[in-house]
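So you can see what is in the structure, the chains are spelled out below.
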Amino acid sequence: MEYEITNRPSFAELVVTLDEDDQIRLEAASLVSYTEGVEVAPNDRGGLTASLRESLLGEDAAFSTVLTADRPGTVTLAPPFPGDIVHYELREETLYVQSCAFLAAEPDVAFDAEFSRDETFVENESDFLLELTGSGQSFVASYGAISVVSLDPGETYVVDTGHVAAFEETVDFSVRRVEGVKSLHGTEEACLAEFEGPGTIWTQSRSPSAVLAWLVPNLPGES
């Protein structure tokens, strides 16, 4: 599968070229367009655990969509927030991706979710860590600019969880709440992730959770 990332860095799009019988799994709301001969497969929720669907998405919700090429063609994708796109090729390994940062992956990449009802990775309960495992190409989208942080063994780095896009499985992490840093809910307690190397972290300069927390209360409501 060939790909090109266009319109970088602020309004990136992903253009994927599929050969006959090729497939790609994409975030359900990311589809922009596709050429004749590419078909949308029925909703396939097999990559997500039943508990995840029940807890977060609802029984009838579809987190991802699969496209299949009956003949060579192209598919164009774009993330919901303005920002950049990063390519990562998995080689029998695991990549952890913020659910709102997942864009697409090849079908041999398996999906699961790192999720606890009592402790979500971020303050927004609809967000969670998506676990991509196996071999194949994957694509991660950022809200705003994306930065790459490479950690040496034992080196630590602290990031507000809303600004984490993805990280490699070799990176250990723990999530804690810290007083004195304002959270998106207006309290003086933020949700921070402490990472320890070795491995790579991808961070985003804007937080989707933060902008939604500001936007929703300011939308016109019922009088």
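Here, every reference points to the structure presented above.
Below you will find a few notes about this structure. Computed from a predicted model, the values in this text were never measured in an experiment. (Residues numbered from 1 in each chain as written. Predicted model: local features only at pLDDT ≥ 70, side-chain atom pairs only at ≥ 80, totals over all residues. Heavy atoms only, no water.)

**Section: the side chain of E131**
Here is the rule: Per the convention used, a helix needs a DSSP run of H or I reaching at least four residues, while a strand needs a run of E reaching at least two, with both numbered from the N terminus. Burial classes: relative accessible area under 20% of the type maximum marks a residue as buried, over 50% as exposed, and values in between as partly exposed (1.4 Å probe, protein chains only). By the counting scheme adopted, Arg and Lys are positive, Glu and Asp are negative, and His together with the chain ends is not counted. Criterion for a salt bridge: a side-chain nitrogen of Lys or Arg within 4 Å of a carboxyl oxygen of Asp or Glu. Definition of a polar contact: a pair of N or O atoms within 3.5 Å, with one able to donate and the other able to accept a hydrogen when the atoms are protein atoms, and with sequence-neighbouring residues admitted only if both atoms are side-chain atoms.
Here E131 lies in strand β11 (residues 129–141). R25 provides the closest opposite charge to the buried, salt-bridge-free E131, at an N-O distance of 13 Å. Within the structure, E131 has its side chain in polar contact with the side chain of Y96 (distance 3.4 Å).

**Here's the deal with the packing of aromatic side chains**
Between two aromatic rings, the relevant description is the distance of the centres plus the angle of the planes. Operational definition: Classification of ring pairs rests on two measures: the distance between centres of Phe, Tyr or Trp rings, Trp counted by its six-membered ring, which must be within 6.5 Å, and the angle between planes, read as stacked under 30 degrees, edge-to-face over 60 and tilted in between. Over a ring means this: the NZ of a Lys or the CZ of an Arg is within 6 Å of the ring centre and within 35 degrees of the ring normal.
Counted according to the given criterion, the structure contains eight aromatic pairs. An angle of 85 degrees between the planes, with centres 5.5 Å apart, marks the rings of Y88 and W202 as edge-to-face. Of this pair, Y88 sits in strand β8 (residues 85–98) while W202 sits in strand β17 (residues 199–204), and the two are 114 residues apart along the sequence. For the pair formed by Y88 and W202, the shared burial category is buried. Ring centres of F173 and F195 lie 6.2 Å apart, and the angle between their planes is 35 degrees; this geometry places the pair in the tilted category. One end of the pair, F173, is in strand β15 (residues 172–179); the other, F195, is in strand β16 (residues 189–196), with 22 residues separating them in the sequence. Under the relative-accessibility criterion, F173 is labelled partly exposed at 35%. Residue classification places F195 among the buried residues on the basis of a relative accessible area of 0%. An aromatic cluster is present here, built from Y96, F167, F173 and F195 joined pairwise through their rings. Over the ring of F111 we find R25, and its NZ or CZ is 4.9 Å from the ring centre.

Fair warning: the whole summary comes from geometry, so function is off the table for now.
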